[in-house]
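Residue strings, one per chain:
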Amino acid sequence: MIEGLAALLAQRGETKLVKKLLSPEGDQVRRGYYEPFTAPAAPAQEEIRLVLDVEEDKAAALDSALFVRQMTEAGHVELDSAKRQFFNADLVAREVAHKGVPAEVAALRSADATLHGVWEMQFNECSAEGALAALHGRVWREVRGEHDKLPKVLRLEVTHSWGLVHRLVDNRRAGWVTHWRQIASGHADD
């Protein structure tokens, strides 16, 4: 492109202008006015947030967590995936808090509020129906449905979203049994 412009200007006898445009001093002017605009780079693929495994010692330490106590009280026996979900969501929450980026902090609050609303709606419905044993499954299905609507800036996988619900339970804002508040108030933090 610049060579074509230089040839055209040279034909017109404007070699001084060509020399100035091709000089280091004319670099910015040449680029700004005469070189073709390049298409903006394609947006980078969203970086995938990894889902990590929980090391055995950390998984064992989670045995005393409130969310595990609530699940045990609700009759759940297998808890490995719940621990993994909590662990990964807790990493996200700690990262957001550590970085302190206002948009991410607000996004996490928004996700927490949405998921708390999902839990509350399901808790109230299950309580009214006398079907509290189905609460966990109903919440999980609903969270899966809400997952794509959660703030994209957090880059959450479904595992993280489920883990955020466990964090609500662990933070004494939700539970899996009718008397969840009693359990929460009597639970000692380790």
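Scroll up to find the structure this text is about.
Residues numbered from 1 in each chain as written. Predicted model: local features only at pLDDT ≥ 70, side-chain atom pairs only at ≥ 80, totals over all residues. Heavy atoms only, no water.

Novice: Can you explain the overall build of the chain? Please cite residues and give values.
Specialist: For the chain, the helix and strand inventory stands at 10 helices and zero strands. If you list the helices and strands of the chain from N to C, you get α-α-α-α-α-α-α-α-α-α. Of the contacts made within the chain by residues no fewer than 6 positions apart, 66% connect residues no fewer than 24 positions apart. (Helix = DSSP H or I, 4+ residues; strand = E, 2+ residues; numbered from the N terminus. Contact = heavy atoms within 4.5 Å.)

Novice: If you had to explain the packing of aromatic side chains to someone new, which residues and values would you point to?
Specialist: For the coordinates displayed, the defined rule picks out five aromatic pairs. Judged by centre distance (4.4 Å) and plane angle (20 degrees), the ring pair of Phe 67 and Phe 86 falls under stacked. Here the residue Phe 67 occupies a position in helix α5 (residues 66–73), and Phe 86 occupies one in helix α6 (residues 80–99), the gap between them amounting to 19 residues. Residue Phe 67 shares its accessibility class with Phe 86, and that shared class is buried. Aromatic ring contacts, followed pair by pair, group Trp 119, Phe 123 and Trp 180 into a single cluster. (Phe/Tyr/Trp six-rings, centres within 6.5 Å; stacked < 30°, edge-to-face > 60°. Buried < 20%, exposed > 50% of the residue type's maximum accessible area, 1.4 Å probe, protein only.)

Novice: I'd like a description of the packing of helix α7 (residues 102–129) against helix α9 (residues 158–170), backed by residues and values.
Specialist: Put simply, α7 and α9 touch, their axes get as near as 10 Å, and they point 80 degrees apart. Put simply, α7 runs roughly perpendicular to α9. In this structure, α7 uses Leu 108, Ala 111, Asp 112, Leu 115 and His 116 to contact α9, whose residues at the interface are Ser 161, Leu 164, Val 165, Arg 167 and Leu 168. Each residue belonging to the contact of α7 with α9 can be placed in one class, and the counts come to six nonpolar, two polar and two charged. (Axes fitted to C-alpha atoms, helices over the stretch in contact; angles between N-to-C directions. Parallel < 35°, antiparallel > 145°, perpendicular 65-115°, else oblique. Nonpolar A, V, L, I, M, F, W, Y, C, P; charged D, E, K, R; others polar.)

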